[in-house]
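Single-letter residue listing:
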Amino acid sequence: MKGFYKSSILLISSLAIAMQVLAQTDFRTNYFKIHIDKRGYITSMVNTSSQKEFSPIDKPSPLLCLYSSVKDVYYYPQRAVYNVKYQKLVLQYKNGSTATVSIIPKNGKYFRLELLSLTNRKDIDNVQWGPIHTSITNLMGEIIGVSRDTSDAVNYAIGMLALNDNTLGGTSKTIGDAAPFQYIIHTPDAKRYPLPSHLHEGQVFSLGGNGISDVAFYAHKEPYYRIMYGNSADVDEKGRISIVYQSRDRSFKRQVYYSLIPNMQANKPNHIDVQPLPGIDFIGSSVALWGSPDSTALMDVVQNIVKSEGLPYPTINGKWVKDPAAYVPDVLTAGGLYDNIISYTNKLGFKTISLYDQGFLRPDRGNKGYIDGNYFEKKPLKLSSGDMSHKEFADMAAKYGITIGRTPITNSLAPGTMDASPVPSDSICYQQKRLLAKSINPTDTILIVDDPTYMEEIASWEGHCANLNMIKIGKELIHYLGVSDKAPYRLLNVKRGYWGTKPANHSVGDAVYKLQVTVNYGYDGVIPNMELQDKIAEYYADVCAINGLRYYDFDGQEFLFNNGHGYYSAKRFFRKMFEKASALGVPYIRFTGATLSEGSWHYQSIWNVGGGKNLYDVETREWGSTTSQGKDLRDVTYANYFPVGMGGNFPINANSTVSQYEHIQAISVGVGTTYSLVLNQKDVESCPQKDEIFKAIRTWENARAANAIPRWVKKELADGSKSFHLEELDANHWNLYKVNADGSGKQLFVSLKRDEKYPASTTSTK
């Protein structure tokens, strides 16, 4: 009998262990169920409501891949064992590595995946989540990694979201951790927009133009030319969308051959030695994997992930900036006169004034954030009643709940600023480091270096502007163009004491740094290394706290990629800025910029880049009548749950009419856009209908902030061939009318009321 009891106990124990350790298993949220097989592949992704399967039979999805850049080899999981008790999945690979991944369903909304450990990691310098292959062929969100079917019949989305700064959208092979800017062929609807016989899904094309004019980049109005601002999502030859994230070991020195626009002669790649960042590793890499109805995904699931995981959660008017009810246009100044700008903005119901006509704000740590002097003695803002400093104007605007802002050149360190010249910082980013092979005095122009490799390249990957091709030796900047092809290797066309630096003696063996730079055209500057970039980010927070600014238009935002750390660099920059701002009592900085990336998506509020007929032409009622920029940016932002930008646009002048702005607002609310309304005080005052225009815009903005316009109505508003008129009955009710293009023929279309979740008190700026 004792033997029987002992055998029974062993059997029960074995069963208990078997129940805790599984070779394959299912995971479930309220909307999404996945199956991971015994190899570590996702072989099923199901909408729990409709039971529709989204995992292609022929393309199972590896949960986690390992990558060796030295060998240029991916290692895929071969065996998986899941411990139910500890919620950990152990993955084994052909190279002998073992990865331990935690898988935790959170809040009924998503799965939290985290890499806890990796053994035998020799030569493994990157890990990749996915690719997660789906059968969805509609919209791909290449910035944040989402696959969307927006049809009423399916209405489902599957996505991933990074949960820490060193987990980035894209593949392990992404050069410089910022995906190439290019076109890809993908039709969002094969029946409505069939591909011509000479094109196929996934085909890649370069941008338009000469590679210098950013407007000319946008060169294809066809709906199946999809411009790409990332590679967190991609399509296969059948148009099926996959999503992917990666994380890198940044602790060691490496070199990249990088360009954001590599297929154009004006932006051909440069070799860049990437700065090692000790302690920045892929262990701890974490993503949220989710699936849900597409129509509610942003506010129900993505917002839940962001708040639960402590990701950046900026708000405006009391709402998360990604909430469509929080979308609001801004004023963009022109003409340099500010007597009535605050009054105009208040009447419109807008909350921010971009002082665009003040030109570029260059980061100069020498002024310690006092852009108008230590005592605000400079008065650059012109008013008839007396000129003002930024702080004085900001204080006046704040009385109406309005903020002001400027356009910086992000991290470009311009000549004459503290970190660039005449005494350059030792923390400037460089492309290559060489050694001086022969001593020189202050007048020598024959500079011999020990190694000519890559020294012939014109600095920067962007524009390759000859006037910015520099080296730094000690505290001297030296301009040069070219290097001799035979030893001794001599730098050619040398100009000593560049940018006002002081020529000096330099000895054999001194370091020669080939600097990483920006472009010219007024953007001239050198790029900081990561530590100095952190300080520049904090500087922008200081400028806000000292001068009352709460808005930035980060022109040259792509310069954040120039150090070779790509989206990680962008995340780190904005995190540093927001953290310093918070410590200084600045709760939120609204910003737009020259680009949108996985690195800026959480922080960035809007993306009003470019303008005029390139973005939305109110006369022809089309997205970009002169280029495809409007169509391209609309498709990118909409697919990535981000407000579409209509740029600096729609200036009010003597010929402006109410019906024009009713149409602009209908499109803005229907599609989900913001824009920067160009206001030149003299032009506005010449408009007979200015007050009526202000009132009409304010009415639409009040209804939008109240979330009073349902999804089915927005679809009608988004149709540019239709015209509407909105009347406000009281703070909670509106009547929407269909009208003719000139505003005549009013017919009631629908009565609207405030969403109870958006009480009137939340519409004031916090």
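Residues numbered from 1 in each chain as written. Predicted model: local features only at pLDDT ≥ 70, side-chain atom pairs only at ≥ 80, totals over all residues. Heavy atoms only, no water.

J.: I keep staring at the overall build of the protein and nothing clicks. Help me out?
T.: Helix and strand counts for the protein come out as 11 helices and 43 strands. Computed over C-alpha atoms, the radius of gyration of the protein comes to 28 Å, within 12% of the 27 Å expected from 2.2 N^0.38 for 766 residues, which places it in the range of a compact globule. Projected onto its principal axes, the C-alpha positions of the protein cover 105 × 85 × 55 Å. Intrachain contacts of the protein at a sequence separation of at least 6 include 69% that bridge at least 24 residues. Positive and negative side-chain charges of the protein, numbering 83 and 76 respectively, have mean locations separated by a distance of 6 Å. (Helix = DSSP H or I, 4+ residues; strand = E, 2+ residues; numbered from the N terminus. Rg over C-alpha atoms; globule rule 2.2 N^0.38 Å. Contact = heavy atoms within 4.5 Å. Lys, Arg positive; Asp, Glu negative; His and termini not counted. Charge placed at Lys NZ, Arg CZ, Asp CG, Glu CD.)

J.: Would you take a moment to explain the state of the cysteines for this structure?
T.: Where two cysteines share a covalent bond between their sulfur atoms, that bond is called a disulfide. Scanning the model with the defined rule gives zero disulfides in all. Distance from the sulfur of cysteine 465, which forms no disulfide, to the nearest cysteine sulfur (cysteine 429) is 17 Å. Assessed through its relative accessible area of 5%, cysteine 465 is described here as buried. (Disulfide = S-S within 2.5 Å. Buried < 20%, exposed > 50% of the residue type's maximum accessible area, 1.4 Å probe, protein only.)

J.: Teacher, can you tell me more about the confidence of the model for the protein here?
T.: In regions of low pLDDT, the predicted coordinates are not meant to be interpreted in detail. When pLDDT is averaged along the protein, the result is 95; 97% of the residues meet or exceed 70. A low-confidence stretch, residues 4–19 stays under pLDDT 50, and its non-local contacts, those more than four residues away or across chains, total one contact. Residue range residues 762–766 is modelled with pLDDT below 50. Its contacts to residues more than four positions away, or to other chains, number 16 contacts. (pLDDT = per-residue confidence, 0-100.)

J.: Can you help me understand the sheet that holds strand β18 (residues 204–205) in this one?
T.: Across a sheet, paired strands are connected by hydrogen bonds in the backbone, their directions being either parallel or antiparallel. Read across the sheet, three strands follow the order β18-β17-β19 without closing on themselves; strand pairing throughout is antiparallel. The sheet is open, and its two edges are formed by β18 and β19 (225–228), each paired on a single side. Where strand β17 (residues 182–185) meets β18, two bridges bridge the pair, whose relative direction is antiparallel. Considered in β18, the bridge of tyrosine 183 is made with phenylalanine 205. Contacts from helix α7 (residues 629–639) reach β17 and β19, with the element oriented near 65 degrees to β19. (Pairing = 2+ DSSP bridges. Axes fitted to C-alpha atoms, helices over the stretch in contact; angles between N-to-C directions.)

J.: Hey, could you run me through the environment of phenylalanine 573 in this one?
T.: Tracing the chain through its elements places phenylalanine 573 in helix α6 (residues 566–583). Sequence separation between phenylalanine 573 and proline 643 is 70 residues, and the spatial gap between their C-alpha atoms is 22 Å. Beyond its immediate chain neighbours, meaning those up to four positions away, phenylalanine 573 contacts Thr410, Gln533, Ile536, Ala537, Tyr540, Phe554 and Leu560.

J.: I tried to follow the sheet that holds strand β41 (residues 723–730) on my own but got confused; where do I start?
T.: Reading across from one edge, β41-β42-β43 is the order of the three strands in this open sheet, with antiparallel pairing throughout. Each edge of the open sheet carries a strand with a single partner, namely β41 and β43 (747–753). Each strand of the sheet is rotated relative to its neighbour by a mean of 25 degrees, with strand direction disregarded. Where β41 and strand β42 (residues 733–739) come together, seven bridges link them in antiparallel fashion. Opposite glutamate 727, over in β42, you have asparagine 735 as the bridge partner. Taken strand by strand, helix α10 (residues 690–705) contacts β41 and β42, and its axis lies near 75 degrees from that of β41.

J.: Help me out: how do you make sense of the packing of helix α3 (residues 341–348) against α10 in this one?
T.: When two helices pack together, their arrangement is captured by the angle between the axes and the distance separating the axes. Between α3 and α10, the shortest axis-to-axis distance is 7 Å and the interhelical angle comes to 45 degrees. Relative to α10, the element α3 is oriented oblique. Every residue of α10 that contacts α3 at Tyr344, Asn346, Lys347 and Leu348 is listed here: Asp691, Phe694, Ile697, Arg698 and Glu701. (Parallel < 35°, antiparallel > 145°, perpendicular 65-115°, else oblique.)

J.: Would you mind showing me how to read unusual backbone geometry here?
T.: Peptide bonds are, in most cases, trans, and in most cases residues other than glycine have a negative phi. That bond from glycine 130 to proline 131 is cis: its omega, 15 degrees, falls within 30 degrees of zero. Inspection of the secondary structure puts proline 131 in strand β12 (residues 126–133). Here serine 421 and proline 422 are connected by a cis peptide whose omega angle stands at 10 degrees. Here proline 422 lies in the loop between β30 (403–408) and β31 (430–435). One non-glycine residue, asparagine 493, adopts positive backbone phi at about 55 degrees. Here asparagine 493 falls in the exposed class, since its relative accessible area comes to 55%.

J.: Help me out: how do you make sense of the packing of aromatic side chains in this one?
T.: Each pair of aromatic rings is reported with the distance of its centres and the angle of its planes. Summed over all chains, the structure comprises 43 aromatic pairs. Seen in terms of ring centroids, phenylalanine 27 and tyrosine 82 are 5.0 Å apart; in terms of plane orientation they differ by 85 degrees. Their pairing is edge-to-face. On the criterion of sequence distance, the pair formed by phenylalanine 27 in strand β2 (residues 25–28) and tyrosine 82 in strand β8 (residues 77–83) is long-range, its members being 55 residues apart. For the residue pair phenylalanine 27 and tyrosine 82, the accessibility class agrees, reading buried in each case. Here the aromatic residues Tyr539, Tyr540, Tyr552, Phe554, Phe573, Phe574, Phe578, Tyr588, Phe591 and Tyr603 are joined through ring pairs into a cluster of three or more. A cation over an aromatic ring shows up here: lysine 52 above the ring of phenylalanine 54, its NZ or CZ 5.6 Å from the ring centre. Just above the ring of tyrosine 737 sits the side chain of lysine 746; from NZ or CZ to the centre is 4.7 Å. (Phe/Tyr/Trp six-rings, centres within 6.5 Å; stacked < 30°, edge-to-face > 60°. Lys NZ or Arg CZ within 6 Å of the ring centre and 35° of its normal.)

J.: I tried to follow the pattern of salt bridges on my own but got confused; where do I start?
T.: Under the counting rule described, the total for this entry stands at 48 salt bridges. Measuring nitrogen to oxygen at the nearest pair gives 3.6 Å for the salt bridge that ties lysine 391 to aspartate 395. Taken together, the residues lysine 391 and aspartate 395, both in helix α4 (residues 390–398) and four residues apart, mark about one turn of the helix. Among the residues examined, lysine 391 registers a relative accessible area of 29% and is labelled partly exposed. A residue is classified by how much of its surface remains accessible, and aspartate 395, at 40% relative accessible area, is partly exposed. Aspartate 534 is the salt-bridge partner of arginine 572, the closest N and O atoms lying 2.8 Å from each other. Placement of arginine 572 in helix α6 and of aspartate 534 in helix α5 (residues 530–547) is noted, with a sequence separation of 38 residues between them. Each member of the pair, arginine 572 as well as aspartate 534, is classed as buried. In this structure, a network of salt bridges that share partners links the residues Asp58, Lys59, Asp236, Lys238 and Arg240. (Salt bridge = Lys/Arg side-chain N within 4 Å of Asp/Glu carboxyl O.)

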